[in-house]
Amino acid sequence: MVGVEPIDEHHLKYIWAAYRMGGLEKLGIEDGISSSEFPQAFTQFLMNNYHAGWVISAPTHKGVIPVGMIFGQVCGPMILIGDFTWFGWASKRNIIEATATYFRQLKEDVVLIMYVASRDREFFDYMKQLGLLRSIGRVHDILDEPAMLYQTRREQWAY
């Protein structure tokens, strides 16, 4: 069963494992941090860049464990999603189910808005086909290319 919960200290061992595997480079946490330094470095990253973070857990061959994180900025009734980060052991199925679950759980309380590079557009268009997202345009000057904007939709298509 896929689960979504705010990041807290009991998730750090999985986040540390993903860091050690080299899966967190895009977060900008410097290389070579020790296990004792990592909690402070990760907390500092989170505080400097985002208001909120969630861990997504999903079934794996080791049981139900965290497979990724989602970070965002709270903006009143909206959350601007800044990053989806998947751990090296997350399968494609984990990623699809976890993302869909995250959208379903949060869409009733807040509007989620995200910008997407062209290389990731196919994935988010699939979420759109499931009735979880709608495209709302483009945003310029964030990436090296115009990024597509998506938002969650409260009414969901039957499938």
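Residues numbered from 1 in each chain as written. Predicted model: local features only at pLDDT ≥ 70, side-chain atom pairs only at ≥ 80, totals over all residues. Heavy atoms only, no water.

Caption draft 1: The side chain of Lys107, seen in detail. Within the secondary structure layout, Lys107 lies in the loop between helix H3 (92-106) and strand E5 (111-116). Polar contacts involving the side chain of Lys107 include one to the side chain of Glu108, which spans 3.0 Å. (Helix = DSSP H or I, 4+ residues; strand = E, 2+ residues; numbered from the N terminus. Polar contact = N/O pair within 3.5 Å; in protein donor to acceptor, adjacent residues only side chain to side chain.)

Caption draft 2: Just unusual backbone geometry, in detail. Even without being a glycine, Asp141 presents a positive backbone phi close to 70°. Position of Asp141 relative to the elements: it lies in the loop between strand E6 (133-139) and strand E7 (147-152). Residue class for Asp141 comes out exposed when judged on its relative accessible area of 76%. (Buried < 20%, exposed > 50% of the residue type's maximum accessible area, 1.4 Å probe, protein only.)

Caption draft 3: Representation of the packing of H3 against helix H4 (residues 121-129) in the model. Packing of H3 against H4 leaves a shortest axis separation of 11 Å and a crossing angle of 55°. Here H3 is positioned oblique relative to H4, judged by the angle of their axes. Seen along the crossing, H3 lies across H4 with a hand that is right-handed. On the side of H3, the interface is formed by Ile95, Ile96, Thr99, Ala100 and Phe103, while H4 contributes Phe123, Phe124, Tyr126 and Met127. Of the residues in the contact of H3 with H4, the class split is 8 nonpolar, 1 polar and no charged. (Axes fitted to C-alpha atoms, helices over the stretch in contact; angles between N-to-C directions. Parallel < 35°, antiparallel > 145°, perpendicular 65-115°, else oblique. Left-handed = near helix turned anticlockwise from the far one by under 90°. Contact = heavy atoms within 4.5 Å. Nonpolar A, V, L, I, M, F, W, Y, C, P; charged D, E, K, R; others polar.)

Caption draft 4: Structural detail: H3. Between the first and last C-alpha of H3 there are 21 Å, a value that for 15 residues agrees with the 21 Å anticipated at 1.5 Å per step. Buried within H3 we find Asn94, Ile95, Ala98, Thr99, Ala100, Thr101, Tyr102, Phe103 and Leu106. (Expected span 1.5 Å × (residues − 1).)

Caption draft 5: Fine view of helix H2 (residues 38-49). For H2, with 12 residues, the first-to-last C-alpha span of 16 Å sits near the 16 Å given by 1.5 Å per residue. Of the residues making up H2, those classed as buried are Phe38, Phe42, Phe45 and Leu46. Along the long axis of H2, the arc covered by the buried residues comes to 95°, so they all point the same way. Projecting away from the buried face of H2 at angles above 90 degrees are the exposed residues Gln40, Met47 and Asn48. (Arc of directions from axis to C-beta.)

Caption draft 6: Representation of the environment of Tyr150 in the model. For Tyr150, the position within the fold is in strand E7. Taking the C-alpha atoms as reference, Tyr150 lies 23 Å from Val67; in sequence the two are 83 residues apart. Filtering out sequence-adjacent residues up to four positions away, Tyr150 remains in contact with Leu112, Ile113, Met114, Val116, Arg121, Phe124, Asp125, Lys128, Leu133, Arg134, Ser135 and Ile136. Here the side chain of Tyr150 touches Asp125 through a polar contact of 2.6 Å, side chain to side chain.

Caption draft 7: Spatial organisation of a negative patch on the surface. On the surface, a cluster of negative charge is made up of Glu25, Glu30, Asp31 and Glu37. Checked against the element boundaries, Asp31 lands in the loop between helix H1 (12-20) and H2. (Patch = residues over 30% accessible without salt bridge, like charges linked within 9 Å, V, L, I, M, F, W, Y side chains within 5 Å. Areas by Shrake-Rupley, 256 points an atom, 1.4 Å probe, with all protein chains shown as cover. Salt bridge = Lys/Arg side-chain N within 4 Å of Asp/Glu carboxyl O. Lys, Arg positive; Asp, Glu negative; His and termini not counted. Charge placed at Lys NZ, Arg CZ, Asp CG, Glu CD.)

Caption draft 8: Local environment of the layout of surface pockets. Quantified by volume, the largest pocket comes out at close to 660 Å³. Forming the walls of the largest pocket are 25 residues, and the residues nearest its centre are Lys26, Asp83, Phe84, Arg119 and Asp120. It is strand E4 (residues 78-86) that provides the largest number of residues to the lining of the largest pocket, a total of 6 residues. A breakdown of the residues in the lining of the largest pocket according to their chemical character gives 15 nonpolar, 5 polar and 5 charged. (1 Å grid on protein atoms, 1.4 Å probe; cavity = no way out; pocket = protein on both sides within 12 Å on 5 of 7 lines; lining within 4 Å. Points joined across faces, edges and corners; volume = space filled by probe spheres on them.)

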